[in-house]
Every structure is written in structure tokens, then in C-alpha cells.
Amino acid sequence: MRRSVTLLFLSQCLLCAVIIDRIDVIVGDSIVKQSDIDQYIRVTDFLNNQTLDLSLAKQKDALNHLIDQVFIRREIQVGGYPRATQQEADAQVDRLIKQRFKTKAAFDQALNKYGLTELELRTQFQWQLTVLRFIDSRFKPAVLVTDDEIDNYYHQHAAALHRQYPGESMDQLREKIRDLLTAQGVNKEFFAWLDQDREDAKIRYLEVSLK
């Protein structure tokens, strides 16, 4: 009899775990779970030094980012794009500790406050670096900034540029403008690609409140 009660208890616990970590969205053959959304919000609010907000609105926003990440992961895998190393992620964490928290103890306390582990944060840093590398490799070659575009931008923003970069030569400003316009072009190409993938994908919302 005692054994039957124990088995029943274990079954109920397993059922509770499934309910807590539900599948919210299916994107093709990939899934996004409630725990993915929760962790994304915790990491994002931690890195932005914001009060933890697990509201429905924040969950919807996080889910949209995670759906985008499904497409990015697939493209990285199919295209064989390079991934950031664990050592690069470690360097980011070390830099964060030195710049914001000063001590490891303060860093650990902040992680605990947001319900995060150091491994989760390091994994997120590694993924962010991988995504940035992918965007640069995948979309930057398609962006060409002409001299006319640089000249037009300079004439439209000359006063602001000289306030921001006092004493810099025109050539130095041209390179900064080129970098800025290139970054804008890369973002435009990247988001256009994401929008197209969303249109082509089959996305099923199992949790309708997040749609």
C-alpha cells in the first residue's frame, strides 16, 4: 500500500512539472517553453539593470524575441556560421563584474535576486556574441554605403557630429558615418530577413494569451 501511495505521489509531481513548464509556441519543428520565456526576461532585466517584470506584456515581448531566435539558430546551423567560444563569454562576465558589481559576492547576490545562475548568464552571453557574429557575417556583405550617402548624412548632421566628435577631421568623421550607415543597413537587411522567415513559417500559439 505504501508503495502505491509513493508512485501516485511521484506521478502527481511529474504532472505538476509538465504543467509548470508548458509549451507555449511551436515554430515549425521547434518549441518555445514557458521556462524559456521566464529565463529570457530574467537575463534581460538583469543585464539592463531593470526591476524584474514577469508581466504578460513582458512575456509577449520575450516570446517574440525567442521566435526570432528559432530562425537565427536554424540559419546558423544550416550555414555553418561560427559560434562564440566559452572563453569569450567568460570574458564578458568578468567585464560585467568589474564594471558594475566590483566584487564577485555582489555579482552572486544580484544573480540570486533575479533567480539566475552564473551558467545561465554565461550561456546567454555566448549566444549573444554568436548572434552578433552571425548578423555581421550574413548581412554586412550586402550593404554598400556610397560617398554620396556619406556626404548627405554629413550635411544633415554636421553640427551634431562636431559636438559629439570635437576636433576630428573630415576623413575621421567620414569613416564614423560610414560605420553608422553600414550598421543601419545591416539592421535593415537582418530585420527584413526575419520578417520574411516569419511570413513563411508555421507558428502555432498553444498559449493564446501570449499571441
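Below you will find a few notes about this structure. Computed from a prediction, not measured in an experiment: that's the story for all the values here.

About the thresholds
Residues numbered from 1 in each chain as written. Predicted model: local features only at pLDDT ≥ 70, side-chain atom pairs only at ≥ 80, totals over all residues. Heavy atoms only, no water. Helix = DSSP H or I, 4+ residues; strand = E, 2+ residues; numbered from the N terminus. Polar contact = N/O pair within 3.5 Å; in protein donor to acceptor, adjacent residues only side chain to side chain. Contact = heavy atoms within 4.5 Å. Salt bridge = Lys/Arg side-chain N within 4 Å of Asp/Glu carboxyl O. Buried < 20%, exposed > 50% of the residue type's maximum accessible area, 1.4 Å probe, protein only. Core = buried A, V, L, I, M, F, W, Y, C linked by side-chain atoms within 4.5 Å. Phe/Tyr/Trp six-rings, centres within 6.5 Å; stacked < 30°, edge-to-face > 60°.

What follows is about the side chain of Thr130. Relative to the elements of secondary structure, Thr130 occurs in helix α6 (residues 118–139). Within polar-contact distance, the side chain of Thr130 engages the backbone nitrogen of Ala84 at 2.9 Å. Those residues in contact with Thr130 that lie beyond four places of it in its chain are Ile76, Pro82, Arg83 and Ala84.

This next bit is on unusual backbone geometry. In this structure, Asn49 is a non-glycine residue whose phi angle is positive, near 55 degrees. Along the chain, Asn49 turns up in the loop between α2 (34–47) and α3 (56–79).

Following the criterion strictly, the structure yields 19 salt bridges and no others. Arg178 serves as the salt-bridge partner of Glu175, at 3.9 Å between the closest nitrogen and oxygen. On the criterion of helical spacing, the pair formed by Glu175 and Arg178 is a turn pair, its members being three residues apart in helix α8 (residues 170–200). Look at Glu175 and you get partly exposed, because its relative accessible area is 43%. Each of Asp90, Lys104, Asp108, Glu118 and Arg122 takes part in a single network of salt bridges with overlapping partners.

What follows deals with the nonpolar core. Membership of the largest hydrophobic core comes to 34 residues, with the highest contact counts inside it found for Ile37, Ile72, Phe134, Phe190 and Trp193. Every element with two or more residues in this core is listed here: β1 (23–27), α2, α3, α6, α7 (147–164) and α8. The element that contributes the greatest number of residues to this core is α3, accounting for eight residues. Setting aside anything within four residues of it in sequence, one finds Trp193 in contact with Phe71, Ile72, Glu75, Phe134, Arg138 and Phe139. The next biggest cluster of nonpolar side chains, apart from the first, holds 15 residues, and it includes Phe46, Val93, Phe107 and Leu116.

Scanning all chains against the criterion turns up eleven aromatic pairs. Note on Phe46 and Tyr114: the rings are 5.5 Å apart at their centroids and 80 degrees apart in plane angle, and the pair reads as edge-to-face. With Phe46 in helix α2 and Tyr114 in the loop between α5 (104–113) and α6, this pair connects stretches of sequence that are 68 residues apart. No difference in accessibility class separates Phe46 from Tyr114, as the two residues are buried. Centroid distance Tyr81 to Phe134: 5.1 Å. Interplanar angle 85 degrees. Geometry classified as edge-to-face. Of the two residues, Tyr81 sits in the loop between α3 and α4 (86–101) while Phe134 sits in helix α6, which places them 53 residues apart along the sequence. Judged by its relative accessible area of 0%, Phe134 is buried.

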